[in-house]
Amino acid sequence: MSLLEISSYAAGDWVKPGAGARNIASAVTGATIASAGNDDLDVQAMLDHARKVGGPALRKLTFHDRARMLKALATELGKHKDALYDLSFHTGATQSDHMIDIDGGIGTMFVFASKGRREMPDGHVYLDGDVEQLSRTGSFLGQHICTPLQGVAVHINAFNFPVWGMLEKLAPTLLAGVPAIVKPATATCYVTELAVKIMLDSGILPEGALQLVSGGIGDMLNRLDCQDVVSFTGSANTALKLRNTPAIVENSVRFVAEQDSLNASILGPDAAPGTPEFDLFIKEVSREMTAKAGQKCTAVRRIIAPEAQVQAVIEALSARLAKVVIGDPRLETTRMGALVSGSQKRDVLEKAALIGTEAKRVFGDPENFAVEGADAEQGAFVPPMLFHCEDPDTAVHVHDTEAFGPVSTVMGYRDLDHAIALANRGQGSLVASVITHDPAVARAVALGSGAFHGRLYFNNRDSMKESTGHGSPLPHMVHGGPGRAGGGEELGGVRGVKHYMQRTAIQGSPDILSAIGDKWVPGGTEIAAPAHPFTRKYGELSIGETLHTAPRTVTLDDIEHFAHFTGDTFYAHMDDAAAKRNPFFPGRVAHGYLLLSFAAGLFVQPDEGPVLANTGLDGLRFMKPVSAGDSIKVRLTVKKKTPRNEEYGEVRWHVTLTNQDDELVAEYELLTMNAF
Ligand code: NDP
């Protein structure tokens, strides 16, 4: 294979390696396969290009436009998976590792595309929470909104996931409307470069939305300001150095870090050998030790088991690890490939040796292990190494040294409080798992350990068939952790998008809030409908368009009829004396559902028309009981519109029912699908 020249993509041009370029070796053979880096990269031009070209172009698009863009990018990457797999073998990763990195990254992008369409508006402002009542009559209200930051997101990624690591940050960034400059770790940047090329060549992205630094980033971070974000994954030492960059400190630049983590897995006190949970624990831990050769930020580093089960755990894990075939990742029989580089191998062995000062190695010998189809000396291979720490209370390194490879330490606990204390000795981690069938154990760990972990993963016989694995960060759930893990948070659905937006508290009148949020706020000006709103197509309806119905009197016959027709003969509707004894009712009252049905009867326009379906009802509240002889009328207002596909969109109507004294009887939001 000829030497690959890994370029950067800067201000619209591909820039080849130049002065200061670094050589990159294959993890499997140790041979140099690529070079990357150029000291002459114009980082200021890159920042300007993102801020002046990429940002404005992205901000013109709505959240839905950007979500569609993500879906198209993910689809495009999916078409080129084989080329990405092919390059990725050089990183030491096996085909199943590629599924985590490449397929996992693409899947993450699809989830954000879908969440953007379903959970965010087809507009430019994201409303964060409900309207806050700040005044007695409702003429002055509050609302939190999120708008995209007007700078650039600089993503600095670790070597272990050259594709997922980029896409899990890029998807929420682009969805927010912020351009990104991606800087992958040099050791595996050739895979990231190909993924970036695929995305750029597709022409799906506006110019300036995505740039790439292969190699060093120069002094880019010292040129950032308050509208920029740094999202970093890597070692705690680098994170500490970078977050202290003067411009980052002085300009309060957001710095999200995901760094070292001594993740734990706890075997529940109930999960003795012979239970499905014990077998599950062994399977999960051995998978977490060996997937990506242990180079996963979420890998299990500490195995916390009841003292009585420690020996059984060591034996069962050793038996399973003994079956792991180590070798050339391209071979179908290989279960664990190589570490990313020779220097990473040295680092892992040094750290394993440090752990070895406090714990005994009970499985795996780095001096003596078999490698299939590759040279153990040339490639960065190590065997899985299992340690046993007999005194985890006085030990230090087992709780603070992350050997970023297939290295894990078993430690025993006396009781659940001890297990929780040991888990928390990691001083903040990305994930801890608990394998238990006892909900009380799960609750005790959640309360005792939740504050120390970004994610708690519980698994047992009931969930094991469909569970996603201790080590898999999911786009729906937050990824990040306190303390040693960096104190950051990524993913978590729309939460992850908000990291690239500014939350602003908006205060003003209902009309001001309606105009900013593109959503009618109660108290805002009503627009008289030119025709019955049910006769008007999706595109014809305006936000604020309102229908007031005629009143309808509710009779005792109506209540009787509804009760016997539906079978709802609850005493409050049937027995005047019993209803009077209830503090909520003046006597017999109409059913709430009768009122809703009457409301529909009042506002519905019956002819075939653009309203296709009633798809739901949100936030229903009954405020005042209605007795026989009272009358009700309805106000129906277009609150919000969200397109769903090419043919129809969702209309959210604000509905109020009031009585003859204009008192509020009921309030809710009605959802319909309306044709374009
Ligand atoms: P590093 O912290 O060395 O590198 C992480 C990223 O930071 C890389 O992209 C690197 O680029 C970049 N970087 C390093 N120095 C600078 C700088 N001065 N300015 C700008 N960018 C910089 O981590 P590695 O990826 O080499 O991994 C080392 C260790 O980190 C692992 O052994 C492991 O312990 C830990 N780690 C933890 C992870 C976690 O999530 N828990 C994930 C990955 C690693 P470049 O490659 O060009 O130097």
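The notes below deal with the structure included here. (Residues numbered from 1 in each chain as written. Predicted model: local features only at pLDDT ≥ 70, side-chain atom pairs only at ≥ 80, totals over all residues. Heavy atoms only, no water.)

The secondary structure content of the protein amounts to 20 helices and 29 strands. With the principal axes as the frame, the protein shows a C-alpha extent of 90 × 60 × 45 Å. A burial count over the protein gives 55% of its 676 residues as buried. Contacts in the protein between residues far apart in sequence, at least 24 positions, make up 73% of those at least 6 positions apart. For the protein, the exposed area adds up to about 27800 Å²; of that, 51% sits on carbon and sulfur atoms. Averaged over its 63 positive side-chain charges, the protein has a centre that lies 1 Å from the centre of its 80 negative ones. (Helix = DSSP H or I, 4+ residues; strand = E, 2+ residues; numbered from the N terminus. Buried < 20%, exposed > 50% of the residue type's maximum accessible area, 1.4 Å probe, protein only. Contact = heavy atoms within 4.5 Å. Areas by Shrake-Rupley, 256 points an atom, 1.4 Å probe, with all protein chains shown as cover. Lys, Arg positive; Asp, Glu negative; His and termini not counted. Charge placed at Lys NZ, Arg CZ, Asp CG, Glu CD.)

On to the environment of valine 340. The residue valine 340 is located in the loop between α10 (310-322) and α11 (342-355) in this model. Taking the relative accessible area as the measure of exposure, valine 340 reaches 5% and is therefore buried. The spacing of valine 340 and threonine 637 is 297 residues in sequence and 60 Å in space, taken between C-alpha atoms. With residues near it in sequence (within four places) discarded, valine 340 still touches Ala27, Thr91, Phe159, Ala187, Thr188 and Gln295.

Another point: the packing of aromatic side chains. Going through the model one piece at a time under the given rule, you end up with 9 aromatic pairs. Measuring from ring centre to ring centre gives 6.5 Å for tyrosine 593 and phenylalanine 622, while their planes differ by 85°; the resulting arrangement is edge-to-face. With tyrosine 593 in helix α20 (residues 592-603) and phenylalanine 622 in strand β26 (residues 611-622), this residue pair connects regions lying 29 residues apart in the sequence. Relative accessible area serves as the criterion here: at 40%, phenylalanine 622 is assigned to the partly exposed category. The rings of Phe534, Phe603 and Trp653 are connected pair by pair, giving a single aromatic cluster. Positioned over the ring face of tryptophan 14 is lysine 197, at 4.9 Å from the centre of the ring. (Phe/Tyr/Trp six-rings, centres within 6.5 Å; stacked < 30°, edge-to-face > 60°. Lys NZ or Arg CZ within 6 Å of the ring centre and 35° of its normal.)

Running from N to C, helix α2 (residues 63-79) and helix α5 (residues 164-176) cross one another at 150°; their axes reach a closest spacing of 8 Å. Taken together, the axes of α2 and α5 lie roughly antiparallel to each other. Here Phe63, Arg66, Ala67, Met69, Leu70, Leu73 and Leu77 of α2 come into contact with α5, specifically with Leu167, Ala171, Leu174, Leu175 and Ala176. Taken together, the residues of the contact of α2 with α5 break down into 11 nonpolar, no polar and 1 charged. (Axes fitted to C-alpha atoms, helices over the stretch in contact; angles between N-to-C directions. Parallel < 35°, antiparallel > 145°, perpendicular 65-115°, else oblique. Nonpolar A, V, L, I, M, F, W, Y, C, P; charged D, E, K, R; others polar.)

The next thing to look at is helix α16 (residues 510-517). The complete set of buried residues in α16 reads Pro510, Leu513, Ser514 and Gly517. Within α16, the buried residues cover an arc of 100° as seen down the axis, which keeps them to one side. As for α16, its buried residues are in contact with β6 (126-133), β7 (141-148), β22 (501-508) and β27 (631-643). Two residues or fewer after α16 comes aspartate 518, characterised by a positive phi angle close to 55°. (Arc of directions from axis to C-beta.)

It is worth spelling out the nonpolar core at this point. Of all hydrophobic cores here, the largest spans 58 residues; its most connected members are Leu77, Met109, Leu167, Leu170, Leu174 and Met199. In terms of residue count, the dominant contributor to this core is α5 (8 residues). Grouped together as the second largest cluster of nonpolar side chains are 36 residues, Ala293, Met336, Phe381 and Tyr413 included. (Core = buried A, V, L, I, M, F, W, Y, C linked by side-chain atoms within 4.5 Å.)

This paragraph deals with the site of the ligand. Residues in close proximity to the ligand total 26 residues, the closest being Asn157, Thr186, Thr238, Glu258 and Gln259. Interatomic distance of 2.6 Å between a side-chain N/O atom of threonine 238 and an oxygen atom of the ligand. Contact with the protein chains covers 82% of the free accessible surface of the ligand, which is 880 Å². Only β11 (229-233), α7 (236-243) and α11 provide two or more residues apiece to the shell around the ligand. In terms of residue count, the dominant contributor to the shell around the ligand is α7 (3 residues). By residue class, the composition of the shell around the ligand is 10 nonpolar, 9 polar and 7 charged. (Near = heavy atom within 4 Å. Polar contact = N/O pair within 3.5 Å; in protein donor to acceptor, adjacent residues only side chain to side chain.)

Overall, the coordinates contain 29 salt bridges when judged by the stated rule. Here arginine 51 makes a salt bridge to aspartate 228, at a shortest N to O gap of 2.6 Å. Taken together, the residues arginine 51 in helix α1 (residues 43-60) and aspartate 228 in the loop between β10 (210-212) and β11 connect sequence positions 177 residues apart. Residue class for aspartate 228 comes out buried when judged on its relative accessible area of 0%. The shortest N-O distance in the salt bridge between aspartate 662 and lysine 633 comes to 2.7 Å. Of the two residues, aspartate 662 sits in the loop between β28 (648-659) and β29 (664-675) while lysine 633 sits in strand β27, which places them 29 residues apart along the sequence. Look at aspartate 662 and you get exposed, because its relative accessible area is 56%. (Salt bridge = Lys/Arg side-chain N within 4 Å of Asp/Glu carboxyl O.)

Moving on, we come to the side chain of histidine 479. Locating histidine 479 in the fold gives a position in strand β20 (residues 478-479). Residue classification places histidine 479 among the buried positions, given a relative accessible area of 2%. Of the polar contacts made by the side chain of histidine 479, one reaches the side chain of glutamate 258; its length is 2.9 Å. Histidine 479 has contacts with Trp164, Glu258, Cys297, Thr298, Leu430, Pro473, Gly488, Glu489, Glu490 and Leu491, leaving out every residue within four places of it along the chain.

Spatially, 3 strands are ordered β1-β5-β4 in an open sheet, and the strand pairing comes out mixed. In this open sheet, the two strands that pair with only one neighbour each are β1 (4-6) and β4 (22-25). Geometrically, the sheet is characterised by an average inter-axis angle of 30° between neighbouring strands, direction not taken into account. Packing against the sheet, helix α6 (residues 189-201) makes contact with β1, β4 and β5 (32-36), and its axis sits at approximately 70° to β1. (Pairing = 2+ DSSP bridges.)

Along the chain, the position of tyrosine 190 falls in helix α6. The spacing of tyrosine 190 and aspartate 365 is 175 residues in sequence and 32 Å in space, taken between C-alpha atoms. When sequence neighbours within four positions are dropped, the list of residues in contact with tyrosine 190 reads Ile6, Ile24, Ile33, Leu87, His90 and Thr91.

Another point: the packing of helix α13 (residues 416-424) against helix α14 (residues 439-449). Two numbers describe how α13 lies on α14: the axes approach to 10 Å, and their chain directions differ by 40°. Here α13 lies oblique to α14, going by the angle between them. You can see that α13 and α14 cross each other, and the crossing is right-handed. Of the residues in α14, those touching α13 at Leu416, Ile420, Ala423 and Asn424 are Val441, Ala444, Val445, Gly448 and Ser449. Of the residues in the contact of α13 with α14, the class split is 6 nonpolar, 3 polar and no charged. (Left-handed = near helix turned anticlockwise from the far one by under 90°.)

Moving on, we come to the sheet that holds strand β15 (residues 360-363). Pairing is mixed across the open sheet formed by 7 strands, whose spatial order is β15-β16-β17-β14-β13-β18-β19. Among the strands making up the open sheet, the edge pair consists of β15 and β19 (453-459). Across the sheet, the mean angle separating the axes of adjacent strands is 25° when strand polarity is ignored. The pairing of β15 with strand β16 (residues 385-389) spans 3 bridges and is classified as antiparallel. Bridged to arginine 361 within β16 is phenylalanine 387. Those strands touched by α10 are β13 (264-267), β14 (302-306), β15, β16 and β17 (407-413), and its axis lies near 170° from that of β16.

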